[in-house]
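Here is what each chain is made of, one letter per residue.
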Amino acid sequence: MQYRIVTILRGGRQYALLLGLLLLWEAIPHIPGIGGALIPHPTGILKDFVLFLLDGTLIRHAANSLLRVSVGVVCAILAGILMGSIAGIANSLGRGLEAFMRLLKPIPPVAWIPISILWFHVTDSQQVFIIFIGTVFVVFFATMDGFRGVPLRLRRVARSLGASKWTIVTSVLLRGALPDILRGVREAVAFAWFIIVAAEFVSAPNGLGYLILEGRNIIEPSRVFVGAAAIGLISWGLDHLFVLVERSILRWQNV
Amino acid sequence: MKLQISRIVRSAAPYIVSLAVFLLLWEGVTRLILERLNPLSRNILPAPSIVAQTGYNLLVSGTLFTHIATSFKRVVVGYGWAVGLGLPIGVAAGLLPVVREQIQPVLRLLRPIPPFAWIPLALLWFGIGDMSAFFVVFVGSVFAVVQYTVFGFLNVDRTLLRAARNLGARGWQMVRRVLLPAAAPRIFSGLRVAWGFGWMVVVAAELLGSSAGLGFLIMDSRNLGRPDIALVAMVAIAGVAFSTELLLVGLENLTLRWRE
C-alpha cells in the first residue's frame with residue numbers, strides 16, 4: 001500500500017509545474033485591482049463547462065460545428081485526392097496543377113471569409129467553404145507526395161506482369177500512396193477544428209466558434225475556454241478514432 | 001551560368017503557364033458570361049483586370065503599403081516574442097529531461113486550444129489594436145517553436161551521440177558541436193511553420209478587431225461591397241507570406257550549409 005502511494009507520487013511528479021500554474025491561475029483573479037472579472041479561473045471554467053454540458057447548449061453548438069467540419073472536410077478529401085492523384089501521375093498537367101495549388105496555398109483560409117460571404121451569403125455553405133479551402137491543400141500535397149513516392153520499381157513490376165494503366169493507378173499507386181493520404185487526411189481533420197473557430201466568428205448564428213466569440217461580446221470570458229475545451233476534446237477524440245481506423249486500413253503494412 | 005538560367009526558367013514555367021491560364025479563364029468567364037448575364041456581377045466576382053487596376057491604385061496611393069506595414073509589424077513583434085520565449089524553453093526541454101517532463105503536461109493542455117480562440121480573449125484584455133494582435137500572433141506561433149525544437153533534440157541520431165562521446169566530447173562542447181547542429185534542421189522547420197501560423201492568425205485578429213492591417217482591409221472591403229479590394233489584399237498577404245518564407249528558407253540554407 002505504502003509502496004503504491006510512492007509510485008503514484010513519483011508518477012505524478014511530472015504534473016508539479018502544471019499544478020503550480022493552475023493554482024497560480026486560480027489565485028490571480030482574486031488579487032484585488034487586477035480586473036478579475038476579465039480573467040476566468042479554472043474552477044469557474046469547469047463549473048460553466050458542466051453547466052453548458054448539462055443544459056445541452058454545448059452539445060447543440062458542437063453538433064452544428066461538427067456538421068460544418070464534416071461536410072467541408074469530406075469535400076476537401078474528395079477534391080484533394082482527385083487533384084493530388086492527377087498532380088502525382090500526369091506530367092505536364094500535374095506540374096501545372098501543382099504550381100497552381102502552390103500559388104493559392106499561401107492565402108490564409110481566414111482571408112477567404114469576406115469574399116466567401118459575398119458568394120454564399122451568411123449560410124452554412126459559407127463556413128463549409130472556408131473549411132474546404134483550409135484543408136484541401138493539406139490533402140492535395142499529401143496525395144501528390146504519396147503518388148510520387150511510390151518506387152518506380154513497383155510500377156515496372158506491375159507493368160511487366162501485364163497490369164493495365166488503370167490497374168496500376170488504383171492498385172499500385174493509390175495503394176502505395178495510401179499511408180501518405182491518410183496522414184494528410186488526419187492533419188486536415190485536426191486543422192479543420194482550428195479553422196472552424198475563425199469561420200464561425202464572423203458569420204454563424206451558432207457553433208463552438210460562435211460560443212467563443214460570445215464570450216467576448218457579453219463579457220463572459222469563461223465561455224472562450226469552455227468552447228476551446230470542447231474543440232480540444234472533440235479533435236483529440238477524433239484523432240484517436242482516426243488512428244484506430246488508420247491501423248485497420250493499413251494492416252498490410254505491418255505484415 | 002547559362003545552365004542555371006535555363007533551370008530557373010524551366011522550374012518557373014509551370015507557375016507562369018498555370019497562372020496565365022487561370023487568369024485568362026477568370027477574365028473570360030467574368031467578362032463574357034457573368035457581366036452579360038448580370039451587369040452587377042462585378043460586385044460579387046470582379047474580373048482580374050479590375051482587380052489589377054484597383055491594386056495599382058492602392059499601391060500608388062500608398063494605402064496598400066501602409067496596411068502591409070501594419071500587419072508585418074504585428075507578425076514580426078508577436079513572432080519575435082514567440083521565438084524569444086519558445087526557443088530557450090524548447091532548447092531547455094530538449095536538453096534536460098527534468099524540464100521536458102514538467103513542460104509536456106502544460107503543453108498538452110494548452111496546445112489543443114485553437115489559436116483563433118485567443119482572439120476574443122485578447123480583445124477583452126488588451127482592447128482593439130496592436131497589443132492584442134501581438135499577443136494573438138505570439139500564442140499562435142509559440143507552440144510550433146517549442147514543439148519542433150524539443151522534437152529536434154529528441155530525434156538526434158544516437159550513433160552520433162555515442163561517437164562524439166567516445167571521441168571525448170563533453171558537456172558544453174557536446175551541446176554546441178553535436179546536439180545543436182543535429183537538431184537545427186527541425187528547429188528551422190519549426191521557425192518556418194510558426195511564421196506561417198503568425199500570418200494566418202494575424203489576418204483573423206485584424207478581421208475581428210482592428211482599424212488597420214491587411215485583415216482589416218479585407219473586412220472593410222466587404223462592408224464597402226468592394227470584392228476587388230479584398231482580392232488585392234488576399235494577393236498581398238499571400239505575396240508577403242510567400243516571399244518572407246522564401247527568405248527564411250534562404251537563411252536556413254545559409255546557416256546549414258554543411259548539410260550538402
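The preceding data block contains the structure.
Keep in mind the model is a prediction, meaning the values are calculated, not measured.

Asks: Help me out: how do you make sense of the overall build of chain B in this one?
Replies: Counting its secondary structure elements, chain B contains ten helices and zero strands. In chain B, the succession of helices and strands from N to C terminus is α-α-α-α-α-α-α-α-α-α. When the backbone C-alpha atoms are referred to their principal axes, chain B occupies close to 75 × 60 × 30 Å. Within chain B, residue pairs in contact and separated by at least 24 positions form 70% of the contacts whose partners lie at least 6 positions apart.

Asks: Quick question: what am I supposed to make of the overall build of chain A here?
Replies: A count of helices and strands for chain A gives twelve helices and zero strands. When the helices and strands of chain A are read in sequence order from the N terminus, they spell out α-α-α-α-α-α-α-α-α-α-α-α. Taken against the 2.2 N^0.38 rule, which gives 18 Å for 255 residues, the C-alpha radius of gyration of chain A at 23 Å runs more than 25% over that of a compact globule. Over its C-alpha atoms, taken along the principal directions, chain A stretches across nearly 75 × 60 × 30 Å. Scored against the burial criterion, the 255 residues of chain A give a buried share of 45%. Per element, the accessible surface of chain A, about 13400 Å² overall, is 68% carbon and sulfur. Side chains of chain A carry 22 positive and 13 negative charges; the gap between the two charge centres is 14 Å.

Asks: It is not clear to me how a positive patch on the surface should be interpreted in this structure. Could you clarify?
Replies: Taken together, the side chains of R158, R162, R165 and R170 of chain B define a basic patch exposed on the protein surface. Here R165 of chain B shows up in helix α7 (residues 158–166).

Asks: Just checking my understanding: could you explain the packing of helix α10 (residues 208–217) of chain A against helix α11 (residues 222–249) of chain A for this structure?
Replies: Any two packed helices are characterised by the angle at which their axes cross and by the distance between the axes. Residues and elements named next belong to chain A. One can describe the packing of α10 onto α11 by two numbers: an axis separation of 7 Å at closest approach and a directional angle of 155°. The angle between α10 and α11 places the two elements in the roughly antiparallel class. Handedness of the crossing formed by α10 with α11: left-handed. Packed against α10, whose contacting residues are L208, L211, I212, E214 and G215, the element α11 presents R223, V224, V226, G227, A228, A230, I231 and I234 at the interface.

Asks: Would you mind showing me how to read the environment of L213 of chain A here?
Replies: By the element assignment, L213 of chain A lies in helix α10. Through-space distance from the C-alpha of L213 of chain A to that of G227 of chain A is 9.2 Å; in sequence the pair is 14 residues apart.

Asks: Sorry if this is basic, but what is going on with the packing of aromatic side chains here?
Replies: All names here are of chain B. Counted under the stated rule, the structure contains 18 aromatic pairs over all chains. Here W125 and F126 contribute two aromatic rings whose centre-to-centre distance is 6.5 Å and whose plane-to-plane angle is 85°, an arrangement assigned as edge-to-face. By relative accessible area, W125 is classed as partly exposed at 30%. Residues F126 and F135 carry aromatic rings whose centres are separated by 5.3 Å and whose planes lie at 55° to one another, so their mutual orientation is tilted. Taking relative accessible area as the criterion, F126 reaches 35% and is therefore assigned partly exposed.

Asks: Any chance you could explain the interface of chain B and chain A here in plain terms?
Replies: Interfaces are frequently sized by the accessible area removed from exposure as the parts join. Each side of the interface is counted separately: chain B has 46 residues, and chain A has 47 residues. For the pair chain B and chain A, the summed buried area comes to about 4200 Å², and 82% of that belongs to carbon and sulfur atoms. For the pair chain B and chain A, the number of links is zero salt bridges. Scanning the region where chain B abuts chain A turns up three residue pairs in polar contact (both at pLDDT 80 or more). Elements supplying a minimum of two residues to the side of chain B that touches chain A: α1 (2–37), α4 (97–110), α5 (118–126), α8 (171–208), α9 (214–224) and α10 (227–255) of chain B. By residue class, the composition of the side of chain B that touches chain A is 39 nonpolar, three polar and four charged.

Asks: When you look at the side chain of E98 of chain A in this model, what are you seeing that I'm missing?
Replies: Residue and element names in this part refer to chain A. Locating E98 in the fold gives a position in helix α5 (residues 92–104). Note on E98: relative accessible area 11%, which makes it buried. Every residue in contact with E98, bar those within four places of it in the chain, is listed here: F140, F141, M144 and R148.

Asks: What is the right way to look at the environment of T43 of chain A in this model?
Replies: All names here are of chain A. The topology assignment puts T43 in helix α3 (residues 42–54). Under the relative-accessibility criterion, T43 is labelled partly exposed at 46%. Taking the C-alpha atoms as reference, T43 lies 26 Å from S65; in sequence the two are 22 residues apart. A distance of 2.7 Å separates the side chain of T43 from the side chain of E26, its partner in a polar contact.

Asks: Looking at this structure, I do not really get a nonpolar patch on the surface. What am I missing?
Replies: A cluster of nonpolar residues, V17, V21, L25, V29, L32, I33 and L37 of chain B, forms a patch on the protein surface that exposes about 680 Å² of accessible area. For I33 of chain B, a relative accessible area of 47% corresponds to the partly exposed category.

Asks: Would you mind going over helix α2 (residues 48–61) of chain B with me for this structure?
Replies: Counting along an α-helix, one turn takes 3.6 residues, and residues three or four places apart therefore face a common direction. Residues and elements named next belong to chain B. Under the 1.5 Å per step criterion, the end-to-end length of α2 is 20 Å for 14 residues, consistent within 8% with the ideal 20 Å. Looking only at α2, the buried set comprises P48, I50, V51, T54, G55 and L58. The arc enclosing the buried residues of α2, seen along the axis, measures out at 155°, which places them on a common side. Facing away from the buried surface of α2 by more than 90 degrees, the exposed residues are Y56 and V60.

Asks: Help me understand unusual backbone geometry, please; the structure alone is not making it clear to me.
Replies: With the exception of glycine, most residues fall at negative phi, and the peptide bonds are largely trans. Residue and element names in this part refer to chain A. For H121, which is not glycine, the phi dihedral falls at a positive 60°. If you trace the backbone, H121 turns up in the loop between α6 (113–120) and α7 (124–149). Non-glycine residue I219 carries a positive phi angle of around 50°. Along the chain, I219 turns up in the loop between α10 and α11.

Asks: Would you mind showing me how to read the pattern of salt bridges here?
Replies: Pairs may arise between side chains of opposite charge once their charged atoms sit close together. All names here are of chain B. This model, assessed by the stated rule, comprises 15 salt bridges over all chains. For R74, the salt bridge is made with D130, and the minimal N-O distance between the two is 2.8 Å. In this pair, R74 is assigned in helix α3 (residues 63–95) and D130 in helix α6 (residues 130–154), connecting sequence segments 56 residues apart. The exposure class assigned to R74 is buried, which follows from its relative accessible area of 4%. Judged by its relative accessible area of 25%, D130 falls in the partly exposed class.

Cut-off values and rules
Residues numbered from 1 in each chain as written. Chains lettered and ligands numbered in written order. Predicted model: local features only at pLDDT ≥ 70, side-chain atom pairs only at ≥ 80, totals over all residues. Heavy atoms only, no water. Helix = DSSP H or I, 4+ residues; strand = E, 2+ residues; numbered from the N terminus. Contact = heavy atoms within 4.5 Å. Rg over C-alpha atoms; globule rule 2.2 N^0.38 Å. Buried < 20%, exposed > 50% of the residue type's maximum accessible area, 1.4 Å probe, protein only. Areas by Shrake-Rupley, 256 points an atom, 1.4 Å probe, with all protein chains shown as cover. Lys, Arg positive; Asp, Glu negative; His and termini not counted. Charge placed at Lys NZ, Arg CZ, Asp CG, Glu CD. Patch = residues over 30% accessible without salt bridge, like charges linked within 9 Å, V, L, I, M, F, W, Y side chains within 5 Å. Salt bridge = Lys/Arg side-chain N within 4 Å of Asp/Glu carboxyl O. Axes fitted to C-alpha atoms, helices over the stretch in contact; angles between N-to-C directions. Parallel < 35°, antiparallel > 145°, perpendicular 65-115°, else oblique. Left-handed = near helix turned anticlockwise from the far one by under 90°. Phe/Tyr/Trp six-rings, centres within 6.5 Å; stacked < 30°, edge-to-face > 60°. Buried area = accessible area lost by both parts, 1.4 Å probe. Polar contact = N/O pair within 3.5 Å; in protein donor to acceptor, adjacent residues only side chain to side chain. Nonpolar A, V, L, I, M, F, W, Y, C, P; charged D, E, K, R; others polar. Expected span 1.5 Å × (residues − 1). Arc of directions from axis to C-beta.

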